[in-house]
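Each chain, letter by letter, is given below.
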Amino acid sequence: MQKEIKFSTRWQFLPGMAYGLKQSVMVGSFQVAIDERFDFGPLDTAMEEIVIEQPPEADKGTSAAEQLAGRAAHWAVAIQRQNRIPLSHKYHVRLAEKPKGPISTWFVALPVSAPKALEAALAWVAETLNLFLSQDAIADESLALARESNERLKDRLRPFAMSGQNPIYIFQAALDSEVPVRPVADGILALGQGVRQRWLSSTISDSTSYIGVMLARDKVASAAVLRQFGLPVPTHGRALSPE
């Protein structure tokens, strides 16, 4: 039996939140053809050479087709997280219609930060999976080709990567805690909804005193303020050079 997976070429972007995800999603479909007795061990091992995050363990009794569809969804999202694009660990996969013959169609909803980034990740996953599935034993040459194509994918994903250290950690932590989060401007995130929503610029929130932040970033000024209120502080001075 031929083993392959195909992704729909037309995906719909749904801004806001949908399908239980606290993030925008894109919906489309996978078409899967695979033997029910397929051994996923070698495939998982080969993909782990490139995508660090392992796919979640499938429930007992899950069909091979659903397992492959779920793995494809996981790898398409995980490879983006690996390239500094924060995304939810959740996704939605369900059978779209009763299978007709060996091919089954699966409805898929994936978290998305940038639609173009997801499209690039999906194309890479489809190419890589079909390369591996076409062989009874995954050859070293095929693994080398997958690594080369992954380097090209990194270049395509780089423009969509989140800059800085704190913002990506905050964004990912919010998603993992199921707190709605979205970028509102360059370097500014909105966490939560409605009257309880908070905006963050790095670790500075919309309720943080601007003057307090300026003083905290200036040790000499901070010491001067503390001294005015009678607190013991050492004498500070500014060095004109590292020496």
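It should be noted that the structure appears before, not after, this text.
Parameters at a glance
- Residues numbered from 1 in each chain as written.
- Predicted model: local features only at pLDDT ≥ 70, side-chain atom pairs only at ≥ 80, totals over all residues.
- Heavy atoms only, no water.
- 1 Å grid on protein atoms, 1.4 Å probe; cavity = no way out; pocket = protein on both sides within 12 Å on 5 of 7 lines; lining within 4 Å.
- Points joined across faces, edges and corners; volume = space filled by probe spheres on them.
- Helix = DSSP H or I, 4+ residues; strand = E, 2+ residues; numbered from the N terminus.
- Nonpolar A, V, L, I, M, F, W, Y, C, P; charged D, E, K, R; others polar.
- Contact = heavy atoms within 4.5 Å.
- Buried < 20%, exposed > 50% of the residue type's maximum accessible area, 1.4 Å probe, protein only.
- Lys, Arg positive; Asp, Glu negative; His and termini not counted.
- Salt bridge = Lys/Arg side-chain N within 4 Å of Asp/Glu carboxyl O.
- Arc of directions from axis to C-beta.
- Pairing = 2+ DSSP bridges.

**Section: the layout of surface pockets**
In this model, the largest pocket occupies a volume close to 580 Å³. The wall of the largest pocket is formed by 30 residues, among which Ser113, Phe171, Arg182, Pro183 and Leu189 lie closest to the centre. By residue number, the principal contributor to the lining of the largest pocket is strand E6 (residues 181-185), which donates 4 residues. Looking at the lining of the largest pocket residue by residue, the classes come out as 18 nonpolar, 9 polar and 3 charged. Within this model, the second largest pocket holds a volume of roughly 230 Å³. Put simply, the parts of the chain that give the lining of the second largest pocket at least two residues each are helix H2 (64-81) and strand E4 (92-100). It is H2 that provides the largest number of residues to the lining of the second largest pocket, a total of 4 residues.

**Points about the side chain of Arg71**
Position of Arg71 among the secondary structure elements: in helix H2. The contacts of Arg71, once residues within four sequence positions are left out, are Phe40, Asp44 and Pro55.

**Structural notes on the side chain of Lys3**
Following the sequence through the fold, Lys3 ends up in the segment before strand E1 (4-7). Within the buried core, Lys3 has no salt-bridge partner, and the shortest N-O distance to an opposite charge, that of Asp136, equals 4.3 Å. If we skip the residues at most four places from it in the chain, Lys3 touches Ala33, Ile34, Phe38, Leu133 and Asp136.

**What about the pattern of salt bridges?**
Per the counting criterion, the structure on display carries 9 salt bridges. Close ionic contact of Asp35 with Arg37 constitutes a salt bridge, the shortest N to O distance being 3.4 Å. Classification of Asp35 as partly exposed rests on a relative accessible area of 24%. Put simply, Arg198 and Asp206 hold a salt bridge, and the shortest N to O gap is 3.8 Å. Residue Asp206 is classed as partly exposed on the basis of its relative accessible area, which comes to 44%.

**So, helix H1 (residues 41-48)**
By the burial criterion, the buried members of H1 are Leu43, Ala46 and Met47. Buried residues of H1, seen end-on, are gathered within an arc of 95 degrees and therefore sit on one face of the element. Tucked inside the fold, the buried residues of H1 contact H2, helix H3 (115-133) and helix H4 (140-157).

**Describing the pairing of strand E7 (residues 188-191)**
Bridge analysis of E6 against E7 gives 4 bridges, and the strand direction is antiparallel. Within E7, the position partnered with Arg182 by the bridge is Ala190. Taking the residues that link successive antiparallel strands as the turn, the E6-E7 hairpin has 2 residues, and the phi of Gly187 there is positive, at about 85 degrees. Two strands pair when backbone bridges link them, and E7 and strand E8 (residues 198-201) are joined in this way by 4 bridges, in the antiparallel orientation. Among the inter-strand pairings, Leu189 is bridged to a residue of E8, identified as Leu200. Between E7 and E8, which pair antiparallel in sequence order, lie 6 residues; one of them, Gly192, sits at a positive phi of approximately 85 degrees.

Function-wise, these values are silent; they only describe arrangement.
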